[in-house]
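Listed below, chain by chain, are the residues.
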Amino acid sequence: MSGTPSFNEHVRLRRLRRTDALRRAVRETRLDPAQFLWPLFVRSGTGLRSPIGSMPGVFQTSVDELLKDAQQAVNARIGGILLFGIPDTKDATGSSAWDPHGPVAEAVRAVKQAFPQLLVVTDVCMCEYTDHGHCGVLTPEGDVDNDATLDLLAQEAVAHARAGADIIAPSDMMDHRIGYLRAALDAHGFQHIPIMSYAAKYASAFYGPFREAAESTPAFGDRRSYQMDPSNAREALREVRQDVQEGADILMVKPAGAYLDIIAAVKQDTGMPLAAYQVSGEYSMIKAAADRGWIDGERAMMESLVAIARAGADLIITYFAIEASAVLARR
């Protein structure tokens, strides 16, 4: 170069991008399988592995088949599994949710007996168990009754803790459920069981495929009266601060991909352990585009997970947990 440049000609940021070894050496955000929680769907029966049409590679399984998935999780050294249950019967109050012999309780006992080292998290909500598909008991007018639902959630949480769950994860978005569940768990001798709160859970279009997997589509209306408005960011901080005050041990933002700003804000505001849920729609979009050859599926998968971790998530709940761990093992 000739003359006197108006910039520092010795600074060339591309130098550290030149080879894979250089890129790995200076990488700022690193993924580890221990960050991943793998969502699994369990129901009663034996030898059952039913594919979810809208989620390639995801299944409803019986407990015996779920143990095979748990073995995969152990082999991949992922952080743990997150269990959702599909009951045999549903009713207006979702009473199967706290059945000590329901699919989640049976799955927890089986997994903890076979793989005591594997972290088992259980989702606590009513939507899979009610015949109307909403996340709580209804008033005569058809609204979800916040306070009447709290006792039902508490019964479910205690049932899961009795079965041996390591973490309870309420996803219902009822006001004050964290304080209520903390009190119920403590009263039954489970002071040591952490609560991972779905603290900022948005009323998102990205949940569509999950509702097929969990058989939890509302029979009427939607969940916008209790899940958060996607337009609101400041409200998310009010939600998480309330859950912190009520005793949440881990916070969660759901969904992840379209809410990276919320993940970053929550992490900065609270400094607490933070999970983010890469939900079914995020997973299915990548799978569908990759299947059509429109994107490189593996690269898109890993890029999406890096973005969630870069935003501030310590734990990532993802249906890609096993696939992503295999990619990391090759690197």
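Reference entry: report on the structure contained in this document. As the structure is a computational prediction, the values presented were derived from the model and not from experiment.

Scoring rules and cut-offs
- Residues numbered from 1 in each chain as written.
- Predicted model: local features only at pLDDT ≥ 70, side-chain atom pairs only at ≥ 80, totals over all residues.
- Heavy atoms only, no water.
- Helix = DSSP H or I, 4+ residues; strand = E, 2+ residues; numbered from the N terminus.
- Rg over C-alpha atoms; globule rule 2.2 N^0.38 Å.
- Buried < 20%, exposed > 50% of the residue type's maximum accessible area, 1.4 Å probe, protein only.
- Contact = heavy atoms within 4.5 Å.
- Areas by Shrake-Rupley, 256 points an atom, 1.4 Å probe, with all protein chains shown as cover.
- Lys, Arg positive; Asp, Glu negative; His and termini not counted.
- Charge placed at Lys NZ, Arg CZ, Asp CG, Glu CD.
- Patch = residues over 30% accessible without salt bridge, like charges linked within 9 Å, V, L, I, M, F, W, Y side chains within 5 Å.
- Salt bridge = Lys/Arg side-chain N within 4 Å of Asp/Glu carboxyl O.
- Right-handed = clockwise from strand over helix to strand, strands pointing away.
- Axes fitted to C-alpha atoms, helices over the stretch in contact; angles between N-to-C directions.
- Parallel < 35°, antiparallel > 145°, perpendicular 65-115°, else oblique.
- Phe/Tyr/Trp six-rings, centres within 6.5 Å; stacked < 30°, edge-to-face > 60°.
- Lys NZ or Arg CZ within 6 Å of the ring centre and 35° of its normal.
- Pairing = 2+ DSSP bridges.
- Polar contact = N/O pair within 3.5 Å; in protein donor to acceptor, adjacent residues only side chain to side chain.
- Disulfide = S-S within 2.5 Å.
- Core = buried A, V, L, I, M, F, W, Y, C linked by side-chain atoms within 4.5 Å.

The next point concerns the overall build of the chain. Scanning the chain from terminus to terminus reveals eleven helices and ten strands. The C-alpha atoms of the chain give 21 Å as radius of gyration, which agrees with the globular expectation for 331 residues (20 Å, within 12%). Expressed along its principal axes, the backbone C-alpha trace of the chain runs to roughly 80 × 45 × 40 Å. Put simply, the chain has 331 residues, and 52% of those count as buried. Sequence separation of at least 24 residues holds for 73% of the intrachain contacts in the chain that already meet a minimum separation of 6. If you sum the accessible surface of the chain, you get close to 15,300 Å²; carbon and sulfur atoms cover 50% of it. For the chain, the distance from the average site of its 34 positive side-chain charges to the average site of its 42 negative ones is 12 Å.

Taken together, the side chains of Arg12, Arg14, Arg15 and Arg17 make up a positively charged region of the molecular surface. Residue placement: Arg15 occurs in the segment before α1 (20–25). For Arg15, a relative accessible area of 45% gives the class partly exposed.

Time to look at the pairing of strand β5 (residues 119–124). Most of β5 sits inside the fold, with five of its six residues counted as buried. Handedness of the strand β4 (residues 80–86)-helix α3 (residues 103–114)-β5 crossover: right-handed. Once you follow β5 into helix α4 (residues 146–163) and on to strand β6 (residues 167–170), the crossover reads as right-handed.

Next up on the list: the packing of helix α8 (residues 260–270) against helix α10 (residues 297–311). With their axes 8 Å apart at the nearest point, α8 and α10 run at an angle of 30° to one another. Judged on the interaxial angle alone, α10 and α8 are roughly parallel. For the pair formed by α8 and α10, the contact residues are Leu260, Ile263 and Ala264 on the first element and Ala307, Ile308 and Ala311 on the second.

To continue, consider the packing of aromatic side chains. Applying the stated rule across the entire model yields nine aromatic pairs. Judged by centre distance (5.6 Å) and plane angle (55°), the rings of Tyr283 and Tyr319 are tilted. Taken as a pair, Tyr283 in helix α9 (residues 280–291) and Tyr319 in the loop between β10 (315–318) and α11 (321–330) lie far apart in primary sequence, 36 residues in all. Neither Tyr283 nor Tyr319 differs from the other in exposure class; each is buried. Taken together, the ring pairs connect Phe41, Phe84, Tyr198, Phe210, Tyr277, Tyr283, Tyr319 and Phe320 into an aromatic cluster. When the ring centre of Phe59 is taken as reference, the NZ or CZ atom of Arg49 above it lies at 5.3 Å. Over the ring of Trp294 we find Arg292, and its NZ or CZ is 5.8 Å from the ring centre.

So, on to the pairing of β6. Of the two faces of β6, the one carrying Ile167 and Ala169 and the one carrying Ile168 and Pro170 are both buried. One ladder, built from four bridges, connects β5 with β6; its direction is parallel. Among the inter-strand pairings, Thr122 is bridged to a residue of β6, identified as Ile168.

The subject of this paragraph is the side chain of Ser280. Within the fold, Ser280 resides in helix α9. At 2.9 Å, the side chain of Ser280 forms a polar contact with the backbone nitrogen of Phe210. Residue contacts for Ser280: discarding those within four places in its chain leaves Met55, Phe206, Tyr207, Gly208, Pro209, Phe210 and Tyr319.

Turning our attention to α11. Listed as buried for α11 are Ala321, Ile322, Ala324, Ser325, Val327 and Leu328. Residues of α11 that are buried in the fold lie against β1 (36–43), α2 (63–76), α10 and β10.

In total, this model carries 17 salt bridges according to the counting rule given. When the shortest N-O distance is used, the salt bridge between Arg49 and Asp69 registers 3.2 Å. Note that Arg49 is positioned in strand β2 (residues 49–51) and Asp69 in helix α2, a separation of 20 residues in sequence. For Arg49, a relative accessible area of 29% corresponds to the partly exposed category. Between Asp243 and Arg177 there is a salt bridge, and its shortest N-O distance comes to 3.4 Å. Taken together, the residues Asp243 in helix α7 (residues 234–246) and Arg177 in helix α5 (residues 177–187) connect sequence positions 66 residues apart. Via salt bridges that share partners, Arg49, Glu65, Lys68 and Asp69 belong to a single interconnected network.

Moving on, we get to the state of the cysteines. Within this structure, the stated rule accounts for zero disulfides. Residue Cys125 stays outside any disulfide, its sulfur separated by 3.5 Å from that of Cys135, the closest cysteine.

Time to look at the nonpolar core. In summary, soluble globular proteins display a tendency toward joint burial of nonpolar side chains. One finds Phe41, Ile81, Met196, Ile263, Tyr277 and Leu305 to be the most contacted residues of the largest nonpolar core, which totals 112 residues. At nine residues, the largest contribution of residues to this core is made by α4. In this view, Ile81 contacts Leu37, Trp38, Leu40, Ala73, Val111, Leu118, Leu119, Val120 and Val121; residues no more than four positions away in its chain are not counted.

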